[in-house]
Amino acid sequence: MANQILDTMGMRCPQPVLKVAAMVPKMSAGDVLEVVGDCPTFEEDLRKWCTRMKKTVLAVNREGKAVRMQIQL
Amino acid sequence: MPMAEVTKIPIIKLHDNLIVSIQVDLSDRVVLQLKDDITNTILHTGAGGLVIDVSGIDLMDSFITRAISDIGKVARLMGVETVVAGLNPMISMTLVEMGMEFEGVQAALSLESALELLASSRSRRGLLSSLDEEQEQGTDRIRTGRLED
Amino acid sequence: MDKNDRVDGGWLERLAEQLERVCAGEKEVEIKLDTSSPGGRRLEAALAQLVDRYQVNLQDIDGFHESSMELALGLSETFSVLDALRTGDMGIRASAEMLESSNELIAQLAQAVNATTAGMQQRMETILRQQEAIHELSTPVLQLWDDVLALPIVGIVDSTRTADIMDRLLAEIVRSQSKCVILDITGVDVVDTRTADNFIKMVKAAELVGARCVLTGISPGVAQTLVDIGVDLGSVVTLRNLQDGLRECIRYLETRRGGRADHKANGQS
C-alpha cells in the first residue's frame, strides 16, 4: 500500500525525521510513506513532525523494539 | 548537369504578370527551387498574376499536377492568381480520365488566353468587390470549418 | 555487616526495583531505603547522589534532543518552503513557529527564506506587469485611411491574444465606422492550423460587424507551411503586403461608393 518505504533502523533521532523530510520532495501529495525505526523517541518525534508539517499518521505498528509508521503526505 | 547545381527555371516578368516556362524534367529539388524563386519574385516585384507554361512537358503525371497546384496555392496566399497554359486537348483529357486535376489554378490553352484570363479575372476586378457579389448571389464561400463560437 | 544492620526481606528488592527504574530512564526516582543502619544510610545517600547526577545528565540529553528536534523540524520546513518555491508557489513563507524558534539558527534561516520568496514574488509581479505593457503595445489598431483600419500583428497568436485582438478590433471598427480592415501578419513567423483558424476567426468577426477584411504579409515561408499543412483559408482575401492591401481596400471603397457595377458585363479592368 505504501508508495515508498524508508528504513531508519539504527539511526538516532532526529536523523529519521530529517530523512523523512528529505523524502517529501521526491513524492507527491497524497502518497503514503512507510517508515520503520528503532530510536526510542522515534514515534514521538515523527508525530511531532507530522503535526508541524500537516501530514497524517495513518498507522503505527510496534514490531519488538522497532516501530513502523505509515504517513500520508 | 553537375550534381551540385539545381536547375533554375527562368521567370519572366511581363507587365504585372510572371511567366514561367517549364522545359526541363521536374524533380523534387527543381520544384522546390522553382517555388522559392517564384515566391521571392512575387515578394520583390508585386506581380498580380502567374502563368505556368507546360507546353514543353512531354509527360504530365500526378507529381507535376501536384507541384503546379502547390505553387498555385502558395502564390494565391501571396495574392497572386495562377493560370496553367499550354495544355493540349489530349493531355487535358488524360488528366481528366486519370482523375488528376489542378487545384486552385485555372487552365488555358495558349499563353495569350492565359494572359487574357488573368486580365479579366477577379484580381483585376477587385477581390473584395467579388466577395460582395458572391454574398449577394448566395455563393459566399467563407468556410466555417473548425471555428467555434 | 554488623549486628546493627537490619536486613528485612524487601530491602534489597526495593533497592533493585528503584535502580531498575533509574536505568530505564525514569526521571523522578528517589532512592529511599528506610534503613536505620549507618551503613544502610550511607548507601542510600550515595545512591541518591548518583541517581540525581544521572537524572540531571539525562535532562541535559533531553535538552539536546529537544533542540536538535527543533533544528530538524526547522530544516524540514525549509526544505518544504524551498520545494514549493521551485514549483512556482511564491506566496509560500516560513511559519511563525519557525520565525519564533528557540533555535536562533532556525529563526534566522526562516527570515532569510522569507526574504528570498518575497523578493522572487516581487520580481515575478514586475515581469508580469511589463509583459502586459508589451502586450498592449504589440497590437495597435491603426487608422490607415478613411474607412480603413490596419492591424499589424507581431509574434505568437494564441487563443488569449486572439480574443483580446478581436475585442479591440471590433470595438475600433464600430467606433470608427471603418469598412475595411487590413490584418498584417508580416511579423508572424510561425503559423500552424490553430493560428490560421484564429486569423479566420478575426476575419469572420470583422465581417459580422460590417467590415471587409484582408490578410496581408504572408511570407513565402509561411505560405508554404500553410499549403504543406493543408490549411484552407476559404475565401479570405490574402495579399502580399500592407500596400497591396491598402490599394485593394481603396479600390473596393471606390467601387462601393460608385454603386454596384455589373461586373459580368464589364470584362475590362
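Structure: above.
Residues numbered from 1 in each chain as written. Chains lettered and ligands numbered in written order. Predicted model: local features only at pLDDT ≥ 70, side-chain atom pairs only at ≥ 80, totals over all residues.

### Re the overall build of chain A
A count of helical and extended segments in chain A gives 2 helices and 4 strands. In chain A, the succession of α and β elements from N to C terminus is β-α-β-α-β-β. Within the span of chain A, comprising 73 residues, buried residues form 25% of the whole. Of the contacts formed within chain A by residues at least 6 apart in sequence, a portion of 63% connects residues at least 24 apart. (Helix = DSSP H or I, 4+ residues; strand = E, 2+ residues; numbered from the N terminus. Buried ≥ 20, exposed ≤ 12 C-beta atoms within 10 Å, placed from the backbone. Contact = placed C-beta atoms within 7 Å.)

### Some points on the nonpolar core
In this structure, Ile52 of chain B together with Val181, Ile182, Leu183, Ala206 and Leu215 of chain C are the most contacted members of the largest nonpolar core, which totals 69 residues. Among the elements that line this core, the one with the most residues is helix α6 (residues 193-208) of chain C, at 7 residues. If we skip the residues at most four places from it in the chain, Val181 of chain C touches Leu149, Leu151, Leu169, Ile173, Ala206, Ala211 and Cys213 of chain C. (Core = buried A, V, L, I, M, F, W, Y, C linked by C-beta atoms within 7 Å.)

### Observations regarding helix α1 (residues 15-23) of chain A
Where α1 of chain A is concerned, the buried positions are Pro16, Val17, Leu18, Val20 and Ala21 of chain A. Looking at the buried positions of α1 of chain A, the neighbouring elements they touch are β1 (4-7), β2 (32-37) and α2 (42-53) of chain A together with α2 (38-86) of chain C.

### Quick notes on the sheet that holds strand β4 (residues 81-85) of chain B
All names here are of chain B. With mixed pairing, the 5 strands of this open sheet are ordered in space as β1-β2-β3-β4-β5. Each of the sheet's edge strands pairs with one partner strand only, and the pair in question is β1 (11-14) and β5 (106-108). With direction set aside, neighbouring strand axes in the sheet form an average angle of 25°. Pairing geometry for strand β3 (residues 49-53) and β4, over 5 bridges, is parallel. Following the sheet pairing, Asp53 is matched in β4 by Ala85. Together, β1, β2 (17-21) and β3 form the strand contacts of helix α1 (residues 28-45), whose direction differs from that of β1 by roughly 30°. Across the sheet, helix α4 (residues 111-120) lies against β2, β3, β4 and β5, angled at about 160° from β4, the strand it touches most. (Pairing = 2+ DSSP bridges. Axes fitted to C-alpha atoms, helices over the stretch in contact; angles between N-to-C directions.)

### Some details on the environment of Thr193 of chain C
Residue and element names in this part refer to chain C. Topologically, Thr193 is positioned in helix α6. Classification of Thr193 by C-beta neighbours within 10 Å gives partly exposed; the count is 13. Once the C-alpha coordinates of Thr193 and Asp232 are considered, the two residues, 39 residues apart in sequence, prove to be 9.4 Å apart.

### Observations regarding the interface of chain A and chain C
Interfaces are often sized by the amount of accessible area the parts lose when they come together. Contacts between chain A and chain C engage 14 residues on the former and 10 residues on the latter. Of all elements in the fold, only α1 and α2 of chain A reach the threshold of two or more residues within the side of chain A that touches chain C. If you tally residues by element for the side of chain A that touches chain C, the top one is α2 of chain A, at 5 residues. The class makeup of the residues in the side of chain A that touches chain C is 10 nonpolar, 1 polar and 3 charged. (Nonpolar A, V, L, I, M, F, W, Y, C, P; charged D, E, K, R; others polar.)

### With respect to the interface of chain C and chain B
Every contact between the two is made by 27 residues of chain C and, on the other side, 28 residues of chain B. Here the side of chain C that touches chain B is built from residues that sort into 10 nonpolar, 8 polar and 9 charged.

### Points about the environment of Thr82 of chain B
Within the secondary structure layout, Thr82 of chain B lies in strand β4. Those residues in contact with Thr82 of chain B that sit more than four places away from it in its chain are Leu50, Ile52, Ile71, Gly72, Ala75 and Val105 of chain B.

This is a description of form; function is not addressed.
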